[in-house]
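Listed below are the residues making up each chain.
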Amino acid sequence: MAIKLIANYSKRLGLPGYSSHQFSVSVETELVTTDDVAAESERLYQRLQSTVDEQILHTGFVPPADYGMDPPADSTKSVTSRDNPTNVTQVASWQRGPAWKCSDKQKDLILKLVEEHRLDKADIEALAVERFGKGVRLLNKVEASGLIDEMLETYGGGQRHDQGKRGDNSAYSGNRKGRAA
């Protein structure tokens, strides 16, 4: 009666940027007697280990540390306007440019508040950069929620302003002047 001996060896190698590579090898063999099980297991383990170790040395693509992250905020040029004398990152056109990262409803509400209150888009862009270090289009859902809360508190917003205040449970935790931390 033949005995099947199945052996596998796997190794995972951690790489920079939360990346990793893994290599695995499996072997199946038949033994004639049970006398050879210990020796054959040891032989297979050493062979599989050396094979995996040789192959895993060739890591292939290793992503840089900032791979998949948003571009740094300081990579855009600074602009100074007469209405807003402080330097802010370049104000992107809200009609074209990178896709909005927040939800469509948040985008629509931000644009609606800007239109209804005749706000300068450059001022709202500057506010986003001041609070979050990036422009309005690059805000994620939590950051956009914080911007919307601030816009509603500053400029009003009808029904949501009265009923939808988040108080201490706000998703926005920026340093607003006059607000207790």
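This write-up is about the structure you can find in this document. (Residues numbered from 1 in each chain as written. Predicted model: local features only at pLDDT ≥ 70, side-chain atom pairs only at ≥ 80, totals over all residues. Heavy atoms only, no water.)

This paragraph deals with the overall build of the protein chain. Assigned secondary structure in the protein chain consists of 5 helices and 4 strands. Counting helices and strands in the order they occur from the N terminus, the protein chain gives β-β-α-β-β-α-α-α-α. Counting over 181 residues, the protein chain shows a buried share of 28%. Contacts in the protein chain between residues at least 24 apart in sequence constitute 54% of all its contacts with a sequence separation of at least 6. For the protein chain, the accessible surface area stands at approximately 12800 Å², while carbon and sulfur atoms represent 49% of it. (Helix = DSSP H or I, 4+ residues; strand = E, 2+ residues; numbered from the N terminus. Buried < 20%, exposed > 50% of the residue type's maximum accessible area, 1.4 Å probe, protein only. Contact = heavy atoms within 4.5 Å. Areas by Shrake-Rupley, 256 points an atom, 1.4 Å probe, with all protein chains shown as cover.)

What follows deals with the nonpolar core. Ranked by internal contacts, the top residues of the largest apolar core, which has 16 residues, are I110, I124, V136, L147 and M151. Breaking this core down by element, the ones donating at least two residues are α2 (104-116), α3 (121-132) and α4 (141-155). Top element by residues in this core is α4. It accounts for 5 residues. The next biggest cluster of nonpolar side chains, apart from the first, holds 8 residues, and it includes A7, Y9, V25 and V52. (Core = buried A, V, L, I, M, F, W, Y, C linked by side-chain atoms within 4.5 Å.)

With 15 residues, α4 should cover 21 Å at 1.5 Å per step; its first-to-last C-alpha distance of 20 Å lies within 8% of that length. Taken together, the buried positions of α4 are E143, A144, S145, G146, L147, I148, D149, E150, M151 and L152. Capping the start of α4, N140 holds a side-chain oxygen 3.1 Å from the backbone nitrogen of V142, two or three residues further along. One or two steps after α4, the chain reaches G156, where phi turns positive at roughly 85 degrees. (Expected span 1.5 Å × (residues − 1). Polar contact = N/O pair within 3.5 Å; in protein donor to acceptor, adjacent residues only side chain to side chain.)

Before going further, it helps to spend a moment on the packing of α3 against α4. Two elements in contact, α3 and α4, have axes separated by 11 Å at closest approach and are oriented at 125 degrees. The angle between α3 and α4 places the two elements in the oblique class. Between α3 and α4 lies a crossing of right-handed hand. Residues I124, L127, A128, R131 and F132 of α3 form the contact with α4, whose participating residues are E143, G146, L147, E150, M151 and Y155. The residue inventory of the contact of α3 with α4, partitioned by class, reads 7 nonpolar, 1 polar and 3 charged. (Axes fitted to C-alpha atoms, helices over the stretch in contact; angles between N-to-C directions. Parallel < 35°, antiparallel > 145°, perpendicular 65-115°, else oblique. Left-handed = near helix turned anticlockwise from the far one by under 90°. Nonpolar A, V, L, I, M, F, W, Y, C, P; charged D, E, K, R; others polar.)

Examined against the element boundaries, L138 turns out to sit in the loop between α3 and α4. Along the sequence, L138 and C102 sit 36 residues apart, while their C-alpha atoms lie 7.7 Å from each other.

The next subject is the pattern of salt bridges. Tallied over the entire structure, the rule returns 7 salt bridges. For K11, the salt bridge identified is with D53, shortest N-O distance 2.6 Å. In this pair, K11 is assigned in strand β1 (residues 3-15) and D53 in helix α1 (residues 37-56), connecting sequence segments 42 residues apart. Here R131 ties to E130 by a salt bridge, and the two come within 2.8 Å at their closest N and O atoms. Using a relative accessible area of 53% as the deciding quantity, one classes E130 as exposed. (Salt bridge = Lys/Arg side-chain N within 4 Å of Asp/Glu carboxyl O.)

Time to look at the packing of aromatic side chains. On inspection of all chains with the given rule, the structure shows 1 aromatic pair. Ring plane angle 85 degrees and centroid distance 5.4 Å describe the contact between Y9 and Y45, whose orientation is recorded as edge-to-face. Of this pair, Y9 sits in strand β1 while Y45 sits in helix α1, and the two are 36 residues apart along the sequence. Looking at Y9, the relative accessible area reads 10%, which means it is buried. Its relative accessible area of 44% is what places Y45 among the partly exposed residues. (Phe/Tyr/Trp six-rings, centres within 6.5 Å; stacked < 30°, edge-to-face > 60°.)

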